[in-house]
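Each chain, letter by letter, is given below.
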Amino acid sequence: MIDELPLTKSEILGIEDLVSDFLTLRIGEEISRLEIKRIKKVTNNRKQDNLPGVDYKYLIETTDGKLLKVNSWILWKTISATLREEGQINTTLYLRHNDVEDYTIKVV
């Protein structure tokens, strides 16, 4: 029956296709080990998911190829302060989103 739908393209998915390359950090969630490979500043004046008031956002890429999009100034300032204190970008962090505008970030 699904083969009868008027689709322009269909493909069969395997279990490896169900894994997301994006990490989330919603209220109550944590990332126990965020091994930072690099941080990118992505500028795009037409994107809705930029940091408030600017035309860019930050993407943190992990050593295993996952991405964490930072679109909160409080989260970004907390992460950047922790990295400045550590003195390097290539660091492993613990992140927890405790409540609205409340994060726990520490070096693991």
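Look up a bit, the structure's there.
A few points on the structure. Keep in mind that this is a model prediction, so the values were computed, not measured. Within any chain, residue numbers begin from 1 and follow the written order of that chain's sequence. Only residues with pLDDT of at least 70 get local features here, since the model is predicted, and only at 80 or more are side-chain atom pairs given and counted; chain-wide, interface and lining totals rely on the full set of residues. Excluding hydrogens and water, the side-chain figures rest on all heavy atoms present in the structure.

**Some words on unusual backbone geometry**
One can expect most non-glycine residues to show negative phi and most peptide bonds to be in trans.
Move 1: Even without being a glycine, Glu101 presents a positive backbone phi close to 60 degrees.
Move 2: When you line up the elements, Glu101 lands in the loop between strand 5 (92-99) and strand 6 (102-107).
Move 3: When a residue's accessible area, from a 1.4 Å probe over protein chains only, is under 20% of the maximum for its type it is buried; when over 50% it is exposed; and in between it is partly exposed. By relative accessible area, Glu101 is classed as exposed at 58%. Runs of H or I in DSSP of at least four residues are treated as helices and runs of E of at least two as strands, each being numbered from the N terminus.

**Let's talk about the environment of Asp17**
Move 1: Structurally, Asp17 can be placed in the segment before strand 1 (22-23).
Move 2: With 75 residues separating them in the primary sequence, Asp17 and Thr92 have C-alpha atoms 26 Å apart.

**Side note on the pairing of strand 6**
Side-chain direction in a regular strand flips from residue to residue, so the side chains alternate between the two faces of the sheet.
Move 1: Think of it this way: DSSP has to see at least two bridges between two strands before they count as a pair. Where strand 5 and strand 6 come together, 6 bridges link them in antiparallel fashion. Paired with Leu93 across the strands is Val107, a residue of strand 6.
Move 2: What sits between strand 5 and strand 6 in their antiparallel hairpin is a turn of 2 residues, with Glu101 showing a positive phi close to 60 degrees.

**A closer look at the nonpolar core**
Move 1: Counting residues in each nonpolar core, the largest one holds 18 residues, and the members touching the most others are Leu75, Ile79 and Leu95.
Move 2: For this core, the secondary-structure elements that each account for two or more residues are strand 2 (30-43), strand 3 (56-62), strand 4 (67-70), helix 1 (73-86), strand 5 and strand 6.
Move 3: When residues in this core are grouped by element, the largest group, 4 residues, is from helix 1.
Move 4: Setting aside residues no more than four positions away along its own chain, Ile79 makes contact with Ile60, Val70, Leu93, Leu95 and Ile105. The nonpolar core is taken to be a set of buried Ala, Val, Leu, Ile, Met, Phe, Trp, Tyr and Cys residues, with the residues joined through side-chain atoms within 4.5 Å. Residue contacts are counted whenever heavy atoms from the two residues lie within 4.5 Å of one another.

**Regarding the pattern of salt bridges**
Move 1: Within this document, salt bridges are pairs made up of a side-chain nitrogen of Lys or Arg and a carboxyl oxygen of Asp or Glu, the two lying within 4 Å of each other. Applying the stated rule across the entire model yields 9 salt bridges.
Move 2: Residues Glu61 and Arg38 are paired through a salt bridge, measuring 2.8 Å at the closest nitrogen-oxygen approach. Pair noted here: Glu61 is in strand 3 and Arg38 is in strand 2, with a separation of 23 residues, a long-range link.
Move 3: The class for Glu61 is buried, based on a relative accessible area of 12%.
Move 4: The partner of Lys69 in a salt bridge is Asp49, and the shortest N-O contact between them spans 3.1 Å. Of the two residues, Lys69 is situated in strand 4 and Asp49 in the loop between strand 2 and strand 3; the sequence distance between them amounts to 20 residues.
Move 5: Connected through salt bridges with shared partners, the residues Lys37, Arg38, Lys40 and Glu61 form a single ionic network.

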